[in-house]
Amino acid sequence: MRISFCALPIVLLFSGVSASLTAQQPAAPHLEARGAATQLIVDGKPFLILGGELHNSSSSSLEYMKPLWPKLAAMGLNTVVTPLSWELVEPKEGVYDFALVDGLLAQARASHQRIVFLWLASWKNGMSSYAPVWVKQDTRRFPRVVERNNEVEILSPTAAATQEADARAFGALMQHIKQVDGEQHTVLMMQIENEVGVLGDTRDHSGAANKAFASAVPPELTAYLKAHQSALYPELRALWDANGNKTAGTWAEVFGDTARADEIFMAWNYARFMQAVTARGRAAYNIPMYANTWLMGEDAIPGDYPSGCPEPRVIDIWKAAGQAIDFYAPDLYAENFELWSQRFHRDGNPLFMPETRGGAAGAGNVYYALGQEAGFGFSPFGIEDEADGKSDLTASYNLIASIAPLLAERQSAGAVHGFVLGKFRSSVDFVMNGYTVHVTLDEIFGDHASTGFGLIMATGPDEFTGVGKGFRVTFEPRSPAAKQVAIAAVDEGTFVDGKWIPGRRLNGDENDQGKNWRFDSKQVTAEKVTLYRFE
Ligand code: DGJ
């Protein structure tokens, strides 16, 4: 992963010195490890993507998009995750058409939006429907995956010619984006392909793939497993352990003669292909690039979901295949939002969610992703469906946008917790700022809120700032010598240009007569609490 580490103390990064340096020469968007978080740095500052992903076909037409941009901006979005297909960029081999790219950039800028482009090229949802017809037609030059029971339109990742054609087009695209956007930074990141993997079989059974599968596992893969053994994803480590930690042998010998070996084999082949495509793009214009994942069901076998997709259990295989891809991202529609977020936010992989649920679910989950997992972006799918009328997401996005600089700074200090409460869990505890913080669903006159969500930041000694709705908080001092603790004051407020402007002093029913820090269920709010100690 190419993440630059910040050698300067955090305080310097916000000083005039670094500001004037970046003003002279604005670096391209990049990822940077800042304290406890890996952040997306845009024009010298951490940028939290409050985004939404368009339906697959919307951005293929500028006319179709025209009325959408202002509506998306009005929803509180700052970034639109925008499909861009190989078939439209290179309709004839070697003939590029960037009019759509230029038009989308102009429209985005007019609505003060940024873009994450999805490079839909050799694969989209496992299939190859977005490849240009000149690629699809030429099955000799661009061979397909062979499945045991299906005829499929899936390009084989083992084919060098396909990799080269995709890489060449992607390189040309990035060269163009650098020319037209290298100073404005409307394009923040690139997603390479979309949810790749073999659907319908556990692996490619073409002649070339069979030959590779029966050959030795590449030594760079086994060397990686050995060097990173203690940090491997537990399931992969257990599989490699169970097969004797071999550093040489065929795929079935090293990983066992099961569908898991097939999945690992496909992961390696897709990863080699996509690392090479990504590297070609980065050589032209170096901005963050990632791969996304169709998540497997807990009991599913490879092929029910795209076999080889960067599932958590094979992300190490992808990393062993190259370093050009910065990180791996979940398309998270599954019930267990927290568990899947944790499976991706590990071992240096930061959390960005290119596709997830919007509406009421997204309005809550965004606090968990950015608060608890230090995520740098969130983007519900089919966002234009929410652009007409009132979206639950809007209030959350507007509130988070107002605290964004503080939130980014507190993420890097490791001083944020986020949560979603409901039927599945009505309370959560965490330790922060010298206290055990106990958060429960809000309740007044015996009525429980049905959902609650938010995030809490430590913002000073005995001081916390929170945003969200439908929860209440109590504090327990951690140090043995601590005295008793109680609420000194709760203020509702707003952040204007990063400055806290207090509003109502919340007391009486609004803080349960001094007993609880409360966020009622009416609407998302920002509140600050200070505590005092006594004998
Ligand atoms: C996941 C895909 O990545 C998206 O492009 C889209 O097809 C959605 N599924 C549809 O639910």
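Remember, predicted model here, so these are calculated numbers, not experimental data.

The rules behind these values
- Residues numbered from 1 in each chain as written.
- Predicted model: local features only at pLDDT ≥ 70, side-chain atom pairs only at ≥ 80, totals over all residues.
- Heavy atoms only, no water.
- Helix = DSSP H or I, 4+ residues; strand = E, 2+ residues; numbered from the N terminus.
- Rg over C-alpha atoms; globule rule 2.2 N^0.38 Å.
- Buried < 20%, exposed > 50% of the residue type's maximum accessible area, 1.4 Å probe, protein only.
- Contact = heavy atoms within 4.5 Å.
- Areas by Shrake-Rupley, 256 points an atom, 1.4 Å probe, with all protein chains shown as cover.
- Lys, Arg positive; Asp, Glu negative; His and termini not counted.
- Charge placed at Lys NZ, Arg CZ, Asp CG, Glu CD.
- Polar contact = N/O pair within 3.5 Å; in protein donor to acceptor, adjacent residues only side chain to side chain.
- Axes fitted to C-alpha atoms, helices over the stretch in contact; angles between N-to-C directions.
- Parallel < 35°, antiparallel > 145°, perpendicular 65-115°, else oblique.
- Nonpolar A, V, L, I, M, F, W, Y, C, P; charged D, E, K, R; others polar.
- Phe/Tyr/Trp six-rings, centres within 6.5 Å; stacked < 30°, edge-to-face > 60°.
- Lys NZ or Arg CZ within 6 Å of the ring centre and 35° of its normal.
- Near = heavy atom within 4 Å.

A.B. asks: Looking at this model, I keep getting lost on the overall build of the protein chain. Mind explaining?
C.D. replies: The helix and strand inventory of the protein chain stands at 17 helices and 24 strands. The C-alpha atoms of the protein chain give 25 Å as radius of gyration, which agrees with the globular expectation for 535 residues (24 Å, within 12%). Across its three principal directions, the C-alpha atoms of the protein chain cover 80 × 55 × 45 Å. In the protein chain, which comprises 535 residues, the share counted as buried stands at 57%. Across the protein chain, contacts joining residues at least 24 apart in sequence account for 74% of those joining residues at least 6 apart. Summed over its atoms, the accessible surface of the protein chain is roughly 21,400 Å², and 52% of this surface lies on carbon and sulfur atoms. Of the charged side chains in the protein chain, 46 are positive and 62 negative, and the gap between their average positions amounts to 3 Å.

A.B. asks: Just checking my understanding: could you explain the environment of aspartate 166 for this structure?
C.D. replies: Mapping aspartate 166 onto the fold places it in helix α8 (residues 160–181). As for aspartate 166 and arginine 280, which are separated by 114 residues in sequence, their C-alpha atoms are 9.6 Å apart. Side-chain polar atoms of aspartate 166 contact the side chain of tryptophan 119, separated by 2.9 Å.

A.B. asks: Before we go on, may I ask you to explain the packing of helix α16 (residues 359–372) against helix α17 (residues 392–412) in this structure?
C.D. replies: Two quantities define a packed helix pair, namely the angle between the axes and the distance from one axis to the other. Closest axis-to-axis distance for the α16/α17 pair is 10 Å, and the angle between their directions is 5 degrees. One finds that α16 runs roughly parallel with respect to α17. Contact with α16, carried on its side by Gly359, Ala360, Gly362, Ala363, Val366, Tyr367 and Leu370, involves Asp392, Leu393, Ser396, Tyr397, Leu399, Ile400, Leu407 and Gln411 of α17 and no other residues of that element. Residue composition of the contact of α16 with α17, grouped by class: 10 nonpolar, four polar and one charged.

A.B. asks: How should I be thinking about the packing of aromatic side chains in this particular structure?
C.D. replies: For any pair of aromatic rings, the description rests on two quantities: the centre-to-centre distance and the angle between the ring planes. Tallying each qualifying case throughout the model produces 28 aromatic pairs. Ring plane angle 75 degrees and centroid distance 5.9 Å describe the contact between tyrosine 435 and phenylalanine 475, whose orientation is recorded as edge-to-face. Separated by 40 residues along the polypeptide, tyrosine 435 in strand β15 (residues 435–441) and phenylalanine 475 in strand β20 (residues 471–477) bring together distant segments of the chain. Considered together, tyrosine 435 and phenylalanine 475 belong to a single accessibility category, that of buried residues. Among the aromatic residues, those joined into a ring-pair cluster are Phe419, Phe430, Tyr435, Phe464, Phe471, Phe475, Trp517 and Phe519. Between the NZ or CZ atom of arginine 203 and the centre of the ring of phenylalanine 213, over which it lies, the distance is 4.1 Å. One cation-aromatic arrangement involves arginine 343 over tryptophan 340; the distance from NZ or CZ to the ring centre is 4.4 Å.

A.B. asks: How should I be thinking about the site of the ligand in this particular structure?
C.D. replies: Around the ligand lies a shell formed by Asn56, Lys124, Asn125, Asn194, Glu195, Asp331, Glu355 and Phe381. With respect to the ligand, the side chain of asparagine 56 contributes an N or O atom lying 2.9 Å from an oxygen atom. At 2.5 Å, a side-chain N or O of glutamate 355 approaches an oxygen atom of the ligand. Considered on its own, the ligand offers 290 Å² of accessible surface; in the complex 73% of this is hidden by protein. Taken together, the residues of the shell around the ligand break down into one nonpolar, three polar and four charged.

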